[in-house]
Amino acid sequence: MTELSLHEFADGPTLADKLAAQVAHRLSSAIEANGKASIAVSGGSTPKKFFQALSARDVDWQKVTVTLVDERFVPVDNPRSNHALVRDHLLQNKAADAQFIPLFHQCPNADEAASIATREAAEIGNPFDVVILGMGGDGHTASFFPHGDHLAKALDANGPRCVMSMEAEGADEPRLTFSFSSLSDARLLVLHIEGEAKKDVLKKAQDGTDETEMPIRAVLNRAASPVEIYWAP
Ligand SMILES: O=C(O)[C@H](O)[C@@H](O)[C@H](O)[C@H](O)COP(=O)(O)O
């Protein structure tokens, strides 16, 4: 069973600040121990304030590699690009010196982009020092969507560390996602969610076991690392 801890905050800005402090501390400790640090972040609407808070923190950013937990199969000039979100809100201020490894590559299909991303991500080393997951109202996390075409493979704890493609009814476009095995043993594994509705989704996820219906259950039930849940109304 995975150990879960719930950290609740009065509001989103307070959460963003506390999470940024904790993540900056972990990145700095990793740099002290290994000379480098890695972080994989989620896209979507929730992380913007956290990205801005983290970008202002004192970390030796030149030694940090940033990548995405998952990406939409769209170029960086598309408003739905997670790369664009990270570029505009995280790779700014002090964090402008960090190295970014994108998952999207201009290829005929998402599988080919996933192969390139897998090769490039292998350079980062493993496990990630920090992984920040989000969660959708349908119980997806990363691009582990309910009934996704490659969901079983993506959630296989013994599957390879890789980036894979994913298509699902609930996803607007094909996706690229790190596999569960690449994310679940992060040295700091955070699930960042906000709002009462997401708390209800979390509760529903904890009340059942079917991962095809709510893939977040894989993280909550069998992540190799403890899961730190950060929540604000
Ligand atoms: O690209 C994405 O959409 C994500 O990385 C995704 O897994 C996200 O974390 C959740 O969908 C929550 O999204 P919101 O923060 O927008 O609710």
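Residues numbered from 1 in each chain as written. Predicted model: local features only at pLDDT ≥ 70, side-chain atom pairs only at ≥ 80, totals over all residues. Heavy atoms only, no water.

- Per an unreviewed UniProt entry, the recorded name for the protein chain is 6-phosphogluconolactonase, and the organism is Pseudorhizobium tarimense.
- The record in UniProt for the protein chain states the following under Function (unreviewed entry): "Hydrolysis of 6-phosphogluconolactone to 6-phosphogluconate."
- As stated in UniProt under Sequence similarities (unreviewed entry), the record for the protein chain gives "Belongs to the glucosamine/galactosamine-6-phosphate isomerase family. 6-phosphogluconolactonase subfamily." (UniProt positions renumbered as here; feature names shortened; annotations may be inferred.)

Some points on the site of the ligand
- Close to the ligand lie 15 residues; Thr46, Asp70, Asn82, His140 and Lys198 are nearest.
- In this structure, Ser45 approaches the ligand through a main-chain N or O atom, which is 2.8 Å from an oxygen atom.
- Between the ligand and Arg175 there is a distance of 3.2 Å, counted from an oxygen atom to a side-chain nitrogen or oxygen.
- Alone, the ligand offers 410 Å² of accessible surface; in the complex the protein occludes 88% of this.
- Its residues assigned to classes, the shell around the ligand shows two nonpolar, nine polar and four charged. (Near = heavy atom within 4 Å. Polar contact = N/O pair within 3.5 Å; in protein donor to acceptor, adjacent residues only side chain to side chain. Areas by Shrake-Rupley, 256 points an atom, 1.4 Å probe, with all protein chains shown as cover. Nonpolar A, V, L, I, M, F, W, Y, C, P; charged D, E, K, R; others polar.)

Quick word on the sheet that holds strand E2 (residues 37-41)
- Here seven strands make up an open sheet; going across it, the order is E1-E10-E9-E6-E2-E3-E5 and the pairing parallel. Sheet topology places strand E1 (4-8) and strand E5 (99-101) at the edges, where each strand pairs with a single neighbour. In this sheet, adjacent strand axes meet at a mean angle of 20° when their direction is disregarded.
- Note: E2 against strand E3 (residues 64-68), five bridges, orientation parallel. Considered in E3, the bridge of Ile39 is made with Val66.
- Seen against the sheet, helix H7 (residues 196-206) touches E1, strand E9 (188-194) and strand E10 (227-232) and runs at an angle of roughly 125° to E9. (Pairing = 2+ DSSP bridges. Helix = DSSP H or I, 4+ residues; strand = E, 2+ residues; numbered from the N terminus. Axes fitted to C-alpha atoms, helices over the stretch in contact; angles between N-to-C directions. Contact = heavy atoms within 4.5 Å.)

Re the environment of Met135
- Locating Met135 in the fold gives a position in the loop between strand E6 (130-133) and helix H5 (151-154).
- Of the residues examined, Met135 reaches a relative accessible area of 5% and is grouped as buried.
- Considered as a pair, Met135 and Ala121 are 14 residues apart in the sequence and their alpha carbons are 23 Å apart. (Buried < 20%, exposed > 50% of the residue type's maximum accessible area, 1.4 Å probe, protein only.)

Focus on unusual backbone geometry
- Residue Pro127 follows Asn126 across a cis peptide bond; omega there is -5°.
- Along the polypeptide, Pro127 turns up in the loop between helix H4 (110-122) and E6.
- We note that Asn93 has phi near 50°; this positive angle belongs to a residue other than glycine.
- The topology assignment puts Asn93 in the loop between helix H3 (82-89) and E5.
- By relative accessible area, Asn93 is classed as exposed at 56%.
- Even without being glycine, His147 reaches a positive phi, approximately 60°.
- Along the polypeptide, His147 turns up in the loop between E6 and H5.

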